[in-house]
Structure formats: C-alpha cells, structure tokens
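Each chain, letter by letter, is given below.
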Amino acid sequence: MELIPQGAAETYRSSPRTWQPVRPEDAAKLSDCRLQLHHAAQFAAAAGISFLQPRPDDSHANLEWVPSLGGLFSRSVPAGRSFRIGARPTKLALLVVTADNKPIAEYKLHGRTITDATEWIRSQIKSLGADPMRYTLRRDYNIPAHPVEIGESFDASAPARFEELSKWFANAATLLGSVVRKTRGASEVRCWPQHLDISTLIDVAPDRTIGMGMEPGDEYYDEPYFYLNTNPQPAASRAQSRPLWGKGIWHTNKWVGAVLPGSRFGAASAQERQVREFLDSAMAACRSLVAQS
C-alpha cells in the first residue's frame, strides 16, 4: 500500500462505494452482542473441526464473511450434498447453505441454547448426507466466557446492536479485500474463531510479516477496532516515533501495534476515508519497522 497524502483524498475512494456508516457512540455498547456472536461462530468453526482435514495453522476451522448472506461461514464440507455452516449477526441466526452459498435452512438463536442449536445442526447435516455424530463443538482453544456456555439462552432482543456489529464485519471484509487485491504476499481474508478477528497476513520478507485486521473487541479494547502489527514485534519507542493518520494510536500494552478504535471514528461521511488513511499510514510505518528489525 502506498501512503496517500491527505490532499489526494478525493481520488482515494472505493468504487463502488460500499462502506456502511457505524456509530462511534455505540462502539462500547456491543460487548454482549459480540460475545454471543463469538459463541455462535463456534457452530460454524465446528464444521471445519469436525469434517475437514486438520491444517497446521488451524485454517481448516477459520471462517469467511459472505456479503450476500451477511454472516461468517465455514469452508465447504463434502457430503452427499456439500454444505457450509454460518453465523449471521443480524437477527442472530445460524444458517446451513450449499457450497455455492444457496440457503438451505436457517435457525434463529434467540431463546435457544447451545444444546438446542447443536441438535438442529445435526438434524440438518444428516439430511445432507453427513454423519451427525461427527459434528462436535470440542475445540483446543478457549474463547471469552458468556452465560450461553453454561446453558443460558441466546438473547437477540437488541437487534440494532447486532446490526451495528454486522456493519463492522462487512466493512472490514470489504476494506481488507481491497488491500489483498493490490498487495503482494497478502493472504486471503478470513475470520479466526479463536479471537473472532477478521484479517489478512502479509509476507514482506523471510520471517517478516504484517498482520492487518479488525477485532470486534477484546480484553484490550471493549469495542471494535482496526489494527496492524508486525512479526517480529518492534520496540514500543520505535513504533511510537512513526506517525499515524486517521486518529490512529499505537498500542503498547503486552503487544505493539497500530490501532483505530471505533470510538475514535468521525462523521459517517468521512469514516471510510479515515480508516483508509489509518491503514495506509500504519502500513507504511509497519513496513519501515519490519525493514529495520
């Protein structure tokens, strides 16, 4: 990515324009929705864990944001009729679709438990020719706690907040996709069910990478944020000497990286430009840091 002067912003717009404005004042109000989606996404990750050949990097279990369906979906599972399992933030629901994303069945999670949903998925995949008893939610990683994991029902009674969360994933998938298309060495854009971040990893030199993504919230920021970080990690003082645009800041607590939290977003009409300026400036900074590591 090239660092674009702010004066050139008029020439730096996506075409067609697909950014969905988000509400910075609501960024810190999405925690419960995010945690519920995190648990719902495990139903999709379980498809890869249960039926696909394990990969050393666990990419068999990662997920894709499918714009036409507005959700996070597993890789295709071979069966009598190949299928994918997904979790949709809007109206919090699980979906079973064909390998080419044609809807087969939908299950709204409001008022339902993890046990209820597991039984529903098993019944659906059995009808598609898969062994339902192979489907398991067992995993070798932990995710943040929420009452749904001890038997409480999912609660989608705050639809506007789930819709807001959906916009974050949709926007991130669009912007990161545009980065991947023009950046040599960038991986496909995927969502990792361990942290629920959607990201790409860019190889810039042997054993030198830059990670770019959107994290919907975690122990560091209880709100969605865009981020870039590097491997190897630079010294905090070196990172902080690099300028960031778009109200980005350097994070230095336990890891070093450039971040743009949702609460720092500006007016709706300027948000896409702001995020792109942040990504460009952070990419330039990270490339410089990696080159000097």
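Description of the structure in this document. Source: prediction; values computed, not measured.

1. Quick look at the overall build of the protein chain
A count of helical and extended segments in the protein chain gives five helices and 11 strands. On C-alpha atoms alone, the protein chain measures out to a radius of gyration of 19 Å, which is about the 19 Å that the 2.2 N^0.38 rule sets for 293 residues. Only carbon and sulfur atoms are counted for the fraction: they give 49% of the accessible area of the protein chain, which is about 13,200 Å². Within the protein chain, the 31 negative side-chain charges are centred at a point lying 4 Å from the centre of the 34 positive side-chain charges.

2. What to know about unusual backbone geometry
With an omega of 5 degrees, the peptide bond running from asparagine 231 to proline 232 counts as cis. Mapped onto the secondary structure, proline 232 falls in the loop between β9 (225-231) and α4 (236-240). Of note in the backbone geometry, lysine 91 takes a positive phi value of approximately 55 degrees without being a glycine. Note that lysine 91 resides in the loop between β3 (83-88) and β4 (93-98).

3. A few points about the nonpolar core
Counting 72 residues, the largest nonpolar core has Phe83, Ile85, Leu94, Phe169, Ile198, Phe226 and Leu228 as the members making the most contacts within it. Broken down by element, this core gets its largest block of residues, 10 residues, from helix α3 (residues 159-182). The contact partners of leucine 228, leaving out residues within four places of it in the chain, are Ile210, Gly211, Met212, Gly257, Ala258, Phe278, Leu279, Ala282, Met283 and Cys286.

4. A closer look at the side chain of serine 166
Of note, serine 166 is situated in helix α3. Look at serine 166 and you get buried, because its relative accessible area is 10%. If we ignore the near neighbours within four places in the chain, the residues touching serine 166 are Trp65, Gly70, Pro89 and Thr90.

5. Digging into the sheet that holds β9
On the basis of which strands lie adjacent, the open sheet formed by six strands has the order β6-β7-β8-β9-β11-β10 and antiparallel pairing. The open sheet has two edge strands, β6 (190-192) and β10 (249-251), and neither has a second partner. For this sheet, the mean angle separating the axes of adjacent strands, direction not counted, is 30 degrees. Summarising the sheet, strand β8 (residues 208-215) and β9 pair through seven bridges and their orientation is antiparallel. Opposite isoleucine 210, over in β9, you have threonine 230 as the bridge partner. In this fold helix α5 (residues 271-291) packs onto β7 (197-205), β8, β9, β10 and β11 (257-261), with an angle of close to 10 degrees to the strand it touches most, β9.

6. Regarding the side chain of threonine 209
Summarising the element assignment, threonine 209 is placed in strand β8. For threonine 209, a relative accessible area of 13% puts it in the buried group.

7. Digging into the packing of aromatic side chains
Applying the stated criterion to the full structure yields nine aromatic pairs. Note on phenylalanine 51 and phenylalanine 83: the rings are 6.2 Å apart at their centroids and 85 degrees apart in plane angle, and the pair reads as edge-to-face. Separated by 32 residues along the polypeptide, phenylalanine 51 in helix α1 (residues 31-51) and phenylalanine 83 in strand β3 bring together distant segments of the chain. As far as the burial class goes, phenylalanine 51 and phenylalanine 83 line up, both buried. Taken together, Trp19, Trp168, Phe226 and Phe265 form an aromatic cluster joined through their ring pairs.

8. Description of the sheet that holds β4
Ordered by their spatial adjacency, five strands build an open sheet running β1-β2-β3-β4-β5, and the pairing between neighbours is antiparallel. Every interior strand has two partners, whereas the edge strands, β1 (64-66) and β5 (103-108), have only one. For this sheet, the mean angle separating the axes of adjacent strands, direction not counted, is 30 degrees. Two elements, strand β2 (residues 71-73) and β3, share two bridges in a ladder whose sense is antiparallel. Each residue of the ladder has a partner; that of phenylalanine 73, found in β3, is glycine 86. The strands touched by helix α2 (residues 114-127) are β3, β4 and β5; relative to β5, the strand with the most contacts, the crossing angle is about 165 degrees.

9. Describing the pattern of salt bridges
For the structure on display, the rule yields 10 salt bridges. Put simply, glutamate 106 and arginine 88 hold a salt bridge, and the shortest N to O gap is 3.0 Å. Of this pair, glutamate 106 sits in strand β5 while arginine 88 sits in strand β3, and the two are 18 residues apart along the sequence. Connected through salt bridges with shared partners, the residues Arg23, Glu25, Asp26 and Lys29 form a single ionic network.

Rules used throughout
Residues numbered from 1 in each chain as written. Predicted model: local features only at pLDDT ≥ 70, side-chain atom pairs only at ≥ 80, totals over all residues. Heavy atoms only, no water. Helix = DSSP H or I, 4+ residues; strand = E, 2+ residues; numbered from the N terminus. Rg over C-alpha atoms; globule rule 2.2 N^0.38 Å. Areas by Shrake-Rupley, 256 points an atom, 1.4 Å probe, with all protein chains shown as cover. Lys, Arg positive; Asp, Glu negative; His and termini not counted. Charge placed at Lys NZ, Arg CZ, Asp CG, Glu CD. Core = buried A, V, L, I, M, F, W, Y, C linked by side-chain atoms within 4.5 Å. Buried < 20%, exposed > 50% of the residue type's maximum accessible area, 1.4 Å probe, protein only. Contact = heavy atoms within 4.5 Å. Pairing = 2+ DSSP bridges. Axes fitted to C-alpha atoms, helices over the stretch in contact; angles between N-to-C directions. Phe/Tyr/Trp six-rings, centres within 6.5 Å; stacked < 30°, edge-to-face > 60°. Salt bridge = Lys/Arg side-chain N within 4 Å of Asp/Glu carboxyl O.

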